Amino acid sequence: MVSLRLETISKSFGGIEAVAELSLEVERGRITGLIGPNGAGKTTVVNMISGLTTPSAGHIKLGEDDLAGEAPHRVARRGVSRTFQNVRLLREASVLDNIVVGAHRHERTSLLANSLGFPAVWRERRAFRDRAAQLLQRFELGEFAAMPAGGLSYGHQRLVEVMRALAMAPDFLLLDEPVAGMNEIEARRLGAIVRGLAQEGMGVLLIEHNMRFVMEFCEMIYVIDSGRLIAEGAAAEVARDATVIRAYLGG
Amino acid sequence: MMEFVVTYRPLFDLICIYSILALSQYVALRAGLFSLATPGFASVGGYAGAILLKDTALGPVLSALGAILCGVAVGLFLSLPLAKLRGAFQSIATIGFVQIMVSLTLFAQPLTGGALGLNAIPKVATTGLLVAVVIALTALLAVINRSGIGRAFDAIRQDYTVAMSLGISVSRYFRYAFALSGAIGALGGCLLAYDTYSIQPDVFGFPMLVLIIAAVILGGRAIVAGPLVGTAFLIVLPEFIRPLADERLLLQGLLLIVVIIYLPQGIVDSLTQRWKLRRALTARSGEQRARAHGLPSA
Amino acid sequence: MLAQQLINGVVVGAVYALFSLGLTLVFGMHRILNLAHGAVFMWGAFIGYFAVTLGRLPLWAAFIAAVLGAGFVSVALELCVFRPLRRHQGDEFGTIVASIGANLILMDLAQQATNAQTLRFPFGIFPILFFNFLGMRVSLQQVVILAAVAIIVVGLLLFLFRTSLGSEARAVAVNEQTAMLLGVNPGLVYLTSFFIAGMLAGAAGVILGIAFNSVSYVMGEAVMLQAFVVIVLGGLGSVVGAVLSGILIGMIQTLTTAYISTELSDAVVFGLLFIVLLVRPSGFFAGVHTEHRVA
């Protein structure tokens, strides 16, 4: 199975170096963590992978292909999905519709067929809606299916965002601070779900602030500070690493 | 009764035609496109349709088809730079486009009759035809809204970054929206020519732009019925409040400002949102009760 | 002759630049595309006109009155239209629609006040004097216009880069939230930028009204298309870009009118806009904001 590999990627904004020569690997079937203090460049890394920002240098390899600089929708179509730091749901649309939108990559019907309402379009629509409903059941949020997404609690909105990413059936899932603002129970539930996904073969990159969550659920951790990699390894090793401790406590 | 029909039929025809134009604007806004190009499309369609009908043997149906194709072509042409750019640029360019169409139709006198425009256009658009077109377009757009295109439009309109991160090619859908908006706008302009005997360049200028955008903002941008309601309201209202007709521009300006600030979703969508929310809450409590009783949820 | 037309073009362009500066600043700093800017320009011209004819003020005083008056009209737009819109979570499209509405109101008021007539400044309002410069005829008016625009632009740059209010404005342009955390009052910055934009537009209005000897309620509309090209070509939010592009567009327009036709000059300008959007939509100078691409 191919993995997602960042090879010495860098990003400068004007004169400021946000990320410098970072290399990391996200393997299928594992949960990989990317942690670091605020402003360390974690979201910039995610933005580069998902195509919202173009790296100044380096490669983002998915198997043989280099994703660096690809348009965001092309990256998504390759099977790389992401969530956002500030929950970005379509507030006016229902929860179900929000999740259905995630299935876009699997649309097989043409623009013409959709314009004229061919039967295949309605079959596809039914299939997508069924899949979304199943996801809602799995996450135990079925009762919210018809509610406008803006009306849900923050924790629930986060879960809907994850479900939307799942509707894409991605190979790789980039979670940008998914448990920020969640309570203990909600965070554990999300963690269990993510672990289940990894066991099913998904490669997960978890960007988080919450050290406990990362230590519990990540098999491999990369630590970034001021745009540079300062440590990598299994949870226990990284927790003991002196540079890591200094970075987190130093300032 | 007959007198009523005779007196108000021209008004009704106008409502139908402007509804079609409003639908052209609606398509663009639904897709998150900040295009205000519809009067320009109408100009293309009106002149193309009139010229084809008067100067060729194509007959009304084929001429109208020709007008529509011209609209699609112009829409796609505009999409060349604009499908990849953000909102403000689209607005700037499409407003400029409307202005250019007025200039060009004024200038190309041998073809378009210049300031005097084209006259003696056969009136082939009957009220029945206009109503049929409005119904057909409404049905078409309702289908599109429910389809994958509608889903993509909603996503792009509400948050295009999210839409991209889900694999939606924004520029592809913008191109489609431009083509569709162009087609419908051109059809509207063509029917205007076929209904009112004559067209001039300034018919397709800023007054039309303002009326159309006001109709869609007032009526609503999400559900297809919105622009229809808005158009009817804006065309009928001045008829009943004669003294206000003099202050038309002022009132339209005030209307735009007040509605976009205090009722941005428009009449139809505000009402349906409330209804949908109530339905969703009822469904939710139904689910909760079902689970509490140990029944499998729907 | 060509050089003569170029001079005319530069002068017209300088006025376009002045007009466009306000538009590009407000957009660059606040992401507000104010389509009522043309109406502010037009009101500036009218205020100047009425100051001269009704108020019997000397030209220099009328000019100041027009500039300040237009500034206040612009501030009124911010207070009555854009601020309430922001408070009700209006989005970028909302500001465009609202500004169209405001434009209508301002235009209608002017139309009614003047009975849709085109007004002309009294004869001799500006001394008619010509110089011979390298074989070309240059009028005193043209020289004064260029000088005025130059002074205003330098003043604007000094304000933006040398005063504290100016740097607060630039901070808000980069990131409003961060600027607030740094103690900047964004409301005041909005008022300031709209006031400045209005003053620039008013100045341009009076100048153009005198230079072409006509003031009418539609004069704002005629300049908006040029302004669009100027701000796109120059880069949204860039002062230098607006000035240079303004002069360029002025020259192109003048040459087109002189050598091809008046009606087609609009089409040429639009064609230029189209090409720029196709080839280099971010413009040729880095403005305050350069985020323009979607997909």
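Because the structure is predicted, anything quoted here is derived from the model rather than measured. (Residues numbered from 1 in each chain as written. Chains lettered and ligands numbered in written order. Predicted model: local features only at pLDDT ≥ 70, side-chain atom pairs only at ≥ 80, totals over all residues.)

A. Inspection of the interface of chain B and chain A at higher detail. Residue-level contacts link 28 residues of chain B with 32 residues of chain A. If you list the elements that add at least two residues to the side of chain B that touches chain A, you get helix H6 (127–146), helix H7 (148–158), helix H8 (160–165) and helix H13 (266–292) of chain B. Taken together, the residues of the side of chain B that touches chain A break down into 13 nonpolar, nine polar and six charged. (Contact = placed C-beta atoms within 7 Å. Helix = DSSP H or I, 4+ residues; strand = E, 2+ residues; numbered from the N terminus. Nonpolar A, V, L, I, M, F, W, Y, C, P; charged D, E, K, R; others polar.)

B. Just the sheet that holds strand S6 (residues 80–82) of chain A, in detail. Residue and element names in this part refer to chain A. Reading across from one edge, S6-S7-S8-S3-S9-S10 is the order of the six strands in this open sheet, with mixed pairing throughout. At either end of the open sheet lies a strand with only one pairing partner, and these are S6 and strand S10 (228–233). Each adjacent strand pair in this sheet contributes to an overall mean axis angle of 20°, direction not counted. Sheet topology note: the strand S3 (residues 31–35)/strand S8 (residues 203–208) ladder contains five bridges and is parallel. Of the residues in S8, the one forming a bridge with Ile35 is Glu208. Where helix H1 (residues 42–50) meets the sheet, its contacts fall on S3, S6, strand S7 (172–176), S8 and strand S9 (220–225), and the angle it forms with S7 comes to roughly 150°. (Pairing = 2+ DSSP bridges. Axes fitted to C-alpha atoms, helices over the stretch in contact; angles between N-to-C directions.)

C. Local environment of helix H2 (residues 38–55) of chain B. Between its first and last C-alpha, H2 of chain B extends 25 Å over 18 residues, near the 26 Å set by a 1.5 Å rise per residue. In terms of burial, H2 of chain B is largely enclosed, as 15 of its 18 residues are buried. (Expected span 1.5 Å × (residues − 1). Buried ≥ 20, exposed ≤ 12 C-beta atoms within 10 Å, placed from the backbone.)

D. Layout of the confidence of the model for chain A. Residues at a pLDDT of 70 or more form 98% of chain A, whose mean pLDDT is 88. Least confident of the elements in chain A is helix H10 (residues 242–250) of chain A, whose mean pLDDT is 68; most confident is helix H3 (residues 95–101) of chain A, at 94. (pLDDT = per-residue confidence, 0-100.)

E. Structural detail: the environment of Ala83 of chain B. Residue and element names in this part refer to chain B. By secondary structure assignment, the location of Ala83 is in the loop between helix H3 (59–82) and helix H4 (87–107). Between the alpha carbons of Ala83 and Ile184 there is a distance of 18 Å; along the sequence they are 101 residues apart. Non-local contacts of Ala83, meaning those with residues more than four positions away in its chain, are made with Ser171, Phe174, Arg175 and Phe178.

F. Region of the structure containing the domain arrangement of chain A. Residue and element names in this part refer to chain A. Domain annotation of chain A identifies domain 1 (1–79 + 170–251) and domain 2 (84–160). Taking only C-alpha atoms into account, the centre of domain 1 sits 26 Å from that of domain 2. On the domain 2 side, the residues contacting the 11 residues of domain 1 number seven residues. Of all the secondary-structure elements, those providing two or more residues to the side of domain 1 that touches domain 2 are helix H2 (72–77) and helix H7 (184–199). Across the side of domain 1 that touches domain 2, the residue classes break down as four nonpolar, three polar and four charged. (Domains from an automatic or database assignment.)

G. Examining the interface of chain C and chain B more closely. Every contact between the two is made by 37 residues of chain C and, on the other side, 39 residues of chain B. For the side of chain C that touches chain B, the secondary structure elements donating two or more residues are helix H3 (59–87), helix H4 (92–114), helix H9 (219–234) and helix H11 (262–279) of chain C. At 13 residues, H4 of chain C tops the list of elements feeding residues into the side of chain C that touches chain B. Of the residues assigned to the side of chain C that touches chain B, the class counts are 27 nonpolar, five polar and five charged.

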